[in-house]
Amino acid sequence: MRLDKLVSQAMDISRSQARGLVLTGCVAVDGQVVRAMDAQVDESASLSVDGKPISTQTELHLMLNKPAGLLTAARDSRAQTIMDILPPQLARLKCMPVGRLDKDTEGLLLLTSDGELAHRLLSPKREVEKVYEARVEGRLAQEDVQAFEHGIVLSDFTALPCTLTILSANDEETLAQVRLHEGKNRQVRRMFGSRGHEILTLKRLQFGPITLDENLPVGEHRALSAQELRALREAVGLG
Ligand code: URA
């Protein structure tokens, strides 16, 4: 990449400000001052400005174990959002959540700086599988499993057939897993609601080939491994 572009991206400053830094000899590449703003620089090179190293990372792909109670949104002056628990460099890299989890939903939320990847993961026609664990009020029965299998009719659309597995049940509550291939607004809550079961807790465990890391504490994030990123890209035809 051109040096002025790399500096401007890395520091989140304008291209002309970056050129100023390069021309005045403030920028070093792998320890050598470079004054040519059109110099081609490898993105893995070490860059420093006035002797201070700056990160040239241009891509970022994360998984967050989202806690309940936070909005999936940009910073908000009234409510806490996931951006309040993520590092500020996300904004510079335009690293955005892949879709939304409701305020009260927890678990796996992917974030990526790759707009095309996010777009494909969310495209209804790709039908990327998501897996949720739901604790719901009351006892679910085989009729509920069958209703999910047939496709639940909601007021504005009919959900695609999906798999409901009852993990444990008593008269007070049921623990169940849902595997579905779409992601409409509050869809899982609405599907259980239509069967007369309110959701007590909802957690996403899987998004396409990515499984929530069980060693990742609630509220923490980590970068996707190269293998996870490859699997994610392959899942949407970007292999
Ligand atoms: N379905 C829901 O109802 N809520 C979520 O957060 C995700 C899927």
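Residues numbered from 1 in each chain as written. Predicted model: local features only at pLDDT ≥ 70, side-chain atom pairs only at ≥ 80, totals over all residues. Heavy atoms only, no water.

A. Expanded view of the overall build of the protein. Secondary structure assignment for the protein yields seven helices and 13 strands. Taken over the C-alpha trace, the protein has a radius of gyration of 22 Å; the compact-globule value for 239 residues is 18 Å, which it surpasses by more than 25%. Overall, the protein is about 75 × 35 × 35 Å in size when its C-alpha atoms are taken along their principal axes. Among the 239 residues that make up the protein, the fraction classed as buried is 44%. Summarising the internal contacts of the protein: among those between residues at least 6 apart in sequence, 64% fall at separations of at least 24. For the protein, the computed accessible surface area is about 12600 Å², with 47% contributed by carbon and sulfur atoms. (Helix = DSSP H or I, 4+ residues; strand = E, 2+ residues; numbered from the N terminus. Rg over C-alpha atoms; globule rule 2.2 N^0.38 Å. Buried < 20%, exposed > 50% of the residue type's maximum accessible area, 1.4 Å probe, protein only. Contact = heavy atoms within 4.5 Å. Areas by Shrake-Rupley, 256 points an atom, 1.4 Å probe, with all protein chains shown as cover.)

B. Seen up close, the packing of aromatic side chains. Across all of its chains, the model carries one aromatic pair by this definition. Plain terms: the ring middles of Phe148 and Phe192 are 5.0 Å apart, the flat faces sit at 45° to each other, and that makes the pair tilted. Of this pair, Phe148 sits in helix 5 (residues 142-150) while Phe192 is found in helix 6 (residues 187-194), placing the two residues 44 residues apart along the sequence. Comparing Phe148 with Phe192 shows no difference in burial state: the two are buried. A cation over an aromatic ring shows up here: Lys130 above the ring of Phe207, its NZ or CZ 5.4 Å from the ring centre. Geometry around Phe157 places Lys184 over its ring, the cationic atom sitting 4.3 Å from the centre. (Phe/Tyr/Trp six-rings, centres within 6.5 Å; stacked < 30°, edge-to-face > 60°. Lys NZ or Arg CZ within 6 Å of the ring centre and 35° of its normal.)

C. Representation of the pairing of strand 5 (residues 61-66) within the structure. Across the six residues that make up strand 5, a large majority, six, are buried. Neither face of strand 5 is left uncovered, since the one carrying His61, Met63 and Asn65 and the one carrying Leu62, Leu64 and Lys66 both have all their residues buried. Pairing of strand 5 with strand 7 (residues 105-112) involves six bridges; the strand directions are antiparallel. Residue pairing for strand 7: Asn65 is matched across the bridge by Leu108. Looking at chain direction, strand 5 and strand 13 (residues 221-223) are connected through three bridges and run antiparallel. Residue pairing in the sheet places Met63 in a bridge with Arg222 of strand 13. (Pairing = 2+ DSSP bridges.)

D. Geometry of helix 6. Along helix 6, the positions that sit buried rather than exposed are Gln187, Val188, Arg189, Met191 and Phe192. Looking at the buried residues of helix 6, the elements they touch are strand 7, strand 8 (130-137), helix 5, strand 9 (163-169), strand 10 (173-180) and strand 11 (199-207).

E. Region of interest: the site of the ligand. Looking at the ligand, the residues that line it are Leu101, Asp102, Thr105, Tyr132, Arg186, Gln187, Val188, Arg189 and Leu202. Interatomic distance of 2.7 Å between a side-chain N/O atom of Asp102 and a nitrogen atom of the ligand. Arg186 is positioned with one of its backbone polar atoms (N or O) 3.3 Å from an oxygen atom of the ligand. Burial of the ligand by the protein chains amounts to 94% of its free accessible area of 240 Å². (Near = heavy atom within 4 Å. Polar contact = N/O pair within 3.5 Å; in protein donor to acceptor, adjacent residues only side chain to side chain.)

F. Region of the structure containing the nonpolar core. Judged by nonpolar contacts, the single largest core of 34 residues is most densely connected at Leu111, Met191 and Phe192. Elements supplying a minimum of two residues to this core: strand 5, strand 7, strand 8, helix 5, strand 10, helix 6 and strand 11. Residue contacts for Met191: discarding those within four places in its chain leaves Phe148, Ile152, Leu154, Ala159, Cys162, Val178 and Leu180. Listed in part, the 17 residues of the second largest apolar core include Leu108, Leu117, Leu224 and Leu229. (Core = buried A, V, L, I, M, F, W, Y, C linked by side-chain atoms within 4.5 Å.)

G. Summary view of the domain arrangement of the protein. For the protein, the assigned domains are domain 1 (3-54), domain 2 (61-124 + 210-235) and domain 3 (130-207). When each unit is reduced to the centre of its C-alpha atoms, the spacing between domain 1 and domain 3 is 52 Å. (Domains from an automatic or database assignment.)

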